[in-house]
Each structure stands twice: as C-alpha cells, then as structure tokens.
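Descriptive structure summary
So you can see what is in the structure, the chains are spelled out below.
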Amino acid sequence: MGVFRQVAAEAGDDYDGPTMRWLADLAYFLAGMLYLPVALYQMVVLGKNRRGWGERFGLVGPFARSKPRLWIHAVSLGEVNCTPRLVSALREDLPDHEFVVSTTTDTGFARAVELYGRERVFRFPLDFSPVISRVLARLAPSLIILVELEVWFNLVRLADRRGVPVAVVNGRLTERSTRRFRWLGALGMSMFSRLAWVGAQDDAIARRFEALGTPPDRIEVTSSLKWDTALVADRIDGEEALAKSMGIAADRPLWVCGSTGPGEEKIILSAYRQLLQELGGLAQGVHSGPEVSVGIGLPALAVVPRKPERFDEVARLIERAGFSCVRRSDNPDGSDPGVQPSAVMLGDTMGELRKFYSLATVVFVGRSLVPMGGSDPMEAAALGKPVLVGPHTANFRIPVEALARRDAIRIVASPDQLSGAVLAMLQDPSAALALGQRGREVVTRNQGATKRTAAAVVGLLAAARSGSVR
C-alpha cells in the first residue's frame, strides 16, 4: 500500500484516470491473494461465505428497467436491521421506486432475504472496476445508499461518473478508521469528496467525514437509525411460546446474555457460577433449589451468541462448565422441555433475541467484555430492561454514552463485577426497574433519525433529477 500511496501522489488530481483504476484493481488483487487462505479456511472449515460468488463478481439480476431503483448496501446483520423502517418511510414518499439490497455476510444476507425476498437481495460485489461497472449497468440505480460506512473507491468513483449519487446513512466513522483513510492521502480524500450526502450519527462523526474530504454542506447530523429500530414495548409477540419451550418460569429471575462473542461465554459462565455461590444455590456444581434463604429466586441464565456458526461451540462450553444445556432448537414446537434448575439455556435460533430480552429480569449485551466493539444495547433498553455491558463498546459508543449520561446502563469489566452487578439488580428490584425505565426514556428521546434521513434521501433524488445534486 506504500507504493499505492506514492503512485497516487504522483498521479496528482487525476483519480479518475486509467492509471488510478489499474492501480486500485492491482491493490485489490494483491490484497485478495493475501486474504485467500483465510477465505478458504472460512469456507471449508467454518462453512462461511460459500455461496453468492457469481454475484460477488457482478452477476446480479437481471432487473427490469420499468421502475427507478435505489440500491441499499448493508454489510452485515446489524446494518441490515437498520433498514426496514427507512425503506418503509422511503416507500411512502417514493411509491414508484424499487429497492434492492446488497450485503456481505451470511447472517446479513439471510436477514435481508427474510425482510425483502430473495429476488431483491444479492451479495455485495468485489470492488474491481469491471465488476462494479457490470453491476451498475445491470442495476441502473438512481441512488446508492451505504449504511454506516462501506465507502469503496471504485464504487463511489464509477457511480459518480454515471451521475448516480452515493449517500451514507447512519454514518459511523471511528477515529481508527479515520486514521486508516487518512493514510491513503489524497486518494482517500477523493472518495469522501464524491459522497453526495452523509447522515452522521453525531457531531464528532460529522467532523471526521469532513476531515476526510466530504464537503460540510453535504453532511447532516441525524442521530442513529438504530434508536428507531428499537421497539418500545412491554411485551413481544411470541415470548410466551418461547418461555414455554425453554421452561422459563414467570416467578424465576432470568439473566439473558445476548449477542455474545468468542471468549465471552467462559467469563459469563464463571460469573454465573459465582452468582449462584453468592446466593447459596450452588453445591458441588448443582443448584440446591429454586429458592434460597435470602429471598431471591435462584436466577436462570440464557446465552444467545451473536454468530450462528458458534452455537455448537457454546453448547460444548456450557456443558464443560458443569451445566446441562437446553437448546432452543431442540424445542421448536413450544413444548415444555422440563428444564432442570442446573440448566443453562442456549438461544440457538435466529430472530428471537428480542423475545429473550423481553422475558429477562437483567440483560447483559455481549461482545463488550472482549475487544469486539460491543453490540446494540438499545433493543433491551427500549423494553425497559436493566442493561449491563462490558468496557469494549466502541461500535456503539453513542448509545452507550447517551444511556450512561442518564444513569441508564451499568458498565462492568470483570466476572466479579458482572456477577456483582446482576446480584445487585436481583436484590433491589425497584432500583433495577428504575434503571430500565430511564433506559426506555433515553431511547424514546433519541428516536426520529429515520424521518430526517428519508427526507434527505428524497431531496437528494429530486436534486439529482434536476441536475443540481452538487
């Protein structure tokens, strides 16, 4: 990449010329060769990314030309989950438009197909210039919407050449990513300067986009779309069936650990064992009963890993820790499995995390005790649940800070702190309830980004049609 930057500098401002196209494609090819062993391991051993390679090389569609089309790219599950409300709002304002969605990961693809149908979903193409040219020709989009970031050199450059505006919605740009883009020098600036509009999540992110070359008059602070995807409710449809199928008793406290990541489940199981010992409900690895002398119902634990390919691994971890494991997938019909007090529940199905959260007494939001950037705390907060997270929440810095400012979240850093925080919630239900209520108020107060973003997109399309998008 050092050579890439040097040649880019020597090329001056001609970032649209054949030299830069060739150089970008060469850099991608070399990076792909280096990544190939990792990709093969993921496909063969982990079973990931085995399908959709034709689409990755531009064989998308065919799509009819009868309607104007918006192309939305959402890289993974979290980004895809940001899109339904935005698409719904845009469909109201643009009833004559068709929406197609690209995504990168298997989980994101599965969720997008569930939301929009297979005929409107495809794998995001590799950013080689001939591949992107083929996709743009097949799609003929009126506008490209990138969710959170995903700014790619050839995509932005070739869309700009065709007069197709590229917008970033729910814009999120970390300091680390900013430094990486700055390393590309003027080449990186050329990508960001071509963006037609950016809806940034907060002022700090807006300044980072501006520092990378996006004109300030094309940047708007909209807040996060994820505030709007959080369903403010007292109950979730289907939670009763889930409770029955997992043997979750209404009178027994339930600690739900959602979106957990590698290395985290061991910490959680250790904290759970410590919690049971504190309550006097663990003797030689076995629960003594559903009630203990301190008057607190002995809590149950449910673990819902973030990645489906880890379900079997986490089941083995639970059993190696000395607990029996009750898997949701083993009880799909809703019959009571007769859960023993010593069992740990494993949520190993897709699309039921919100139901688990709705049944919870206390929620821990994962990928945050390990340095993985955290997961979405807003979903549990919107349900009025007391929420715990670890210290690693960079990917959700804005909502975590917003919740922390209102004393509506607890941040823990170790198994001792984790078990202690859960115990405190169980011992003081009124304080836990108040914490959850404050969290719900924070979510409600921050909603509205979808409406602002949809209005900006509609305005951008109107400007593009009139030739005044710049």
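Before any of the text, the structure's been laid out above.
In this text the structure is predicted, and so the values were computed from the model without any measurement.

**A short note on the sheet that holds strand S16 (residues 410–411)**
In space, the seven strands of this open sheet follow the order S12-S13-S11-S8-S14-S15-S16, with parallel pairing throughout. Of all the strands in the sheet, just strand S12 (324–327) and S16 have a single pairing partner and so form its edges. Sheet analysis places strand S14 (residues 362–365) next to strand S15 (residues 387–389), joined by three bridges and oriented parallel. Bridge assignment links Val363 to a residue of S15, and that residue is Val387. Against the sheet, helix H15 (residues 311–320) touches strand S11 (300–305), S12 and strand S13 (343–346), its axis set at about 150° to S12.

**As for the pattern of salt bridges**
Per the counting criterion, the structure on display carries 23 salt bridges. When the shortest N-O distance is used, the salt bridge between Arg310 and Glu265 registers 2.8 Å. Remark: Glu265 occurs in helix H14 (residues 264–278) and Arg310 occurs in the loop between S11 and H15; sequence separation between them is 45 residues. The class of Arg310 is buried, set by a relative accessible area of 6%.

**A closer look at the packing of helix H19 (residues 415–427) against helix H20 (residues 429–446)**
Two numbers describe how H19 lies on H20: the axes approach to 5 Å, and their chain directions differ by 105°. Relative to H20, the element H19 is oriented roughly perpendicular. The residues of H20 that touch H19, namely those facing Met425, Leu426 and Gln427, are Pro429, Ala432 and Leu435. Here the residues of the contact of H19 with H20 are counted per class, giving five nonpolar, one polar and no charged.

**Quick look at unusual backbone geometry**
One non-glycine residue, Ala140, lies in positive phi territory at about 50°. Considering the arrangement of structural elements, one finds Ala140 in the loop between helix H7 (129–139) and strand S4 (143–147). The residue Glu150 is not glycine, and still its phi comes out positive at about 50°. Along the polypeptide, Glu150 turns up in the loop between S4 and helix H8 (153–161).

**Considering the pairing of strand S1 (residues 69–73)**
Most of S1 is tucked away: five of the five residues are buried. Every second residue of S1 is oriented toward a common face, with Arg69, Trp71 and His73 on one face and Leu70 and Ile72 on the other, all of them buried. Across five bridges, the pairing between S1 and strand S2 (residues 98–103) is parallel. Considered in S2, the bridge of Trp71 is made with Val100.

**Digging into the sheet that holds strand S7 (residues 219–221)**
Strand order in this open sheet of seven strands is S3-S2-S1-S4-S5-S6-S7, and the pairing throughout is parallel. Of all strands in the sheet, those bounded by a partner on one side alone are strand S3 (121–123) and S7. If you compare each strand with its neighbour and ignore which way they point, the axes differ by 20° on average. By the bridge criterion, three bridges tie strand S5 (residues 166–171) to strand S6 (residues 197–200) in an arrangement that is parallel. Within S6, the position partnered with Gly171 by the bridge is Ala200. Set on the sheet, H8 makes contact with S1, S4 and S5; between it and S4 the angle comes to about 155°. Lying on the sheet, helix H11 (residues 203–211) is in contact with S5, S6 and S7; it crosses S7 at an angle near 170°.

Thresholds applied
- Residues numbered from 1 in each chain as written.
- Predicted model: local features only at pLDDT ≥ 70, side-chain atom pairs only at ≥ 80, totals over all residues.
- Heavy atoms only, no water.
- Pairing = 2+ DSSP bridges.
- Helix = DSSP H or I, 4+ residues; strand = E, 2+ residues; numbered from the N terminus.
- Contact = heavy atoms within 4.5 Å.
- Axes fitted to C-alpha atoms, helices over the stretch in contact; angles between N-to-C directions.
- Salt bridge = Lys/Arg side-chain N within 4 Å of Asp/Glu carboxyl O.
- Buried < 20%, exposed > 50% of the residue type's maximum accessible area, 1.4 Å probe, protein only.
- Parallel < 35°, antiparallel > 145°, perpendicular 65-115°, else oblique.
- Nonpolar A, V, L, I, M, F, W, Y, C, P; charged D, E, K, R; others polar.

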